[in-house]
Amino acid sequence: VKSKQTVSDSTSTTAKTAAKQPSRSKRKQNNLHVEILTGPHEGSTYLLKPRTNRPCEIGRSKGKKFRERGISVFKDSEVSTSHGKFETKPGVGHAGKIYFVDTGSTNGTSFMGEALEDNVPLELVDGMVLCFGESDLRFTILEP
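This is a predicted model, so every value here is computed, not measured.

### Notes on the sheet that holds strand β11 (residues 135–142)
Line of reasoning, step 1. Here we have 6 strands laid out as an open sheet, ordered β2-β1-β11-β10-β7-β8, and antiparallel in their pairing. Edge positions in the sheet fall to β2 (45–48) and β8 (114–115), since each of these pairs with one other strand and no more.
Line of reasoning, step 2. The pairing of strand β7 (residues 109–111) with strand β10 (residues 129–132) spans 3 bridges and is antiparallel. Looking at β10, one finds that Ser110 is bridged to Cys131.

### Thoughts on the side chain of Ser61
Line of reasoning, step 1. One can find Ser61 in the loop between β3 (56–59) and α2 (64–69).
Line of reasoning, step 2. Within the local environment of Ser61, its side chain forms a polar contact with the backbone nitrogen of Gly63, the two atoms lying 2.9 Å apart.
Line of reasoning, step 3. Sequence-distant contacts of Ser61, that is, excluding residues within four places in its chain, are made with Phe66, Ser72 and Thr81.

### Re the nonpolar core
Line of reasoning, step 1. Counting 20 residues, the largest nonpolar core has Leu32, Phe86, Leu124, Phe132 and Phe139 as the members making the most contacts within it.
Line of reasoning, step 2. Mapped onto this core, the elements with two or more residues apiece are β1 (31–36), β3, β6 (97–102), β10 and β11.
Line of reasoning, step 3. In contact with Phe139, other than residues within four places in its own chain, are Leu32, His33, Val34, Phe86, Leu124, Val125, Asp126, Gly127, Met128, Leu130 and Phe132.

### A look at the pattern of salt bridges
Any two side chains of opposite charge can pair, given that their charged atoms come close.
Line of reasoning, step 1. Scanning all chains against the criterion turns up 4 salt bridges.
Line of reasoning, step 2. Among the charged side chains, a network of salt bridges with common partners joins Lys85, Glu87 and Lys89.

### Topic: the sheet that holds strand β5 (residues 84–89)
Line of reasoning, step 1. Sheet architecture is open: 5 strands sit in the order β4-β3-β5-β6-β9, paired in mixed fashion. Only two strands of the sheet have a single partner each, and these edge strands are β4 (71–72) and β9 (122–123).
Line of reasoning, step 2. Pairing between β6 and β9: 2 bridges, direction antiparallel. The partner of Tyr99 across the bridge, within β9, is Glu123.

Parameters at a glance
- Residues numbered from 1 in each chain as written.
- Predicted model: local features only at pLDDT ≥ 70, side-chain atom pairs only at ≥ 80, totals over all residues.
- Heavy atoms only, no water.
- Pairing = 2+ DSSP bridges.
- Helix = DSSP H or I, 4+ residues; strand = E, 2+ residues; numbered from the N terminus.
- Polar contact = N/O pair within 3.5 Å; in protein donor to acceptor, adjacent residues only side chain to side chain.
- Contact = heavy atoms within 4.5 Å.
- Core = buried A, V, L, I, M, F, W, Y, C linked by side-chain atoms within 4.5 Å.
- Buried < 20%, exposed > 50% of the residue type's maximum accessible area, 1.4 Å probe, protein only.
- Salt bridge = Lys/Arg side-chain N within 4 Å of Asp/Glu carboxyl O.

Read these as spatial facts, not as claims about activity.
Now the structure itself:
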């Protein structure tokens, strides 16, 4: 007596589900428009594109990651060399949210006069203004 072998579909359920969802690189993600309102870089604007596992940095450094993917406020002596970062958390059914994290800067970051805790993400919303050293920055979330 020969046993029958069942040939199963070689595509797993996980693979089928993944095929229905856009890949991380194809998911639409929010961008961040930043305007410096006060301080030595007043009037400067930036378009940041933080991605999951690829944050955008802000600091006094003139390094490549600040110049090309972040904000270098090198004239503001009150801002730490590596002050903080903008990061995204993936969203389910939406583009995700953008957060700012002060990465342990010397002089800190404040929102509405209150100091932010180091390494605690703060969700950014349209029109929010944060103070870094002598500089006030206003944020606009740009949805895809």
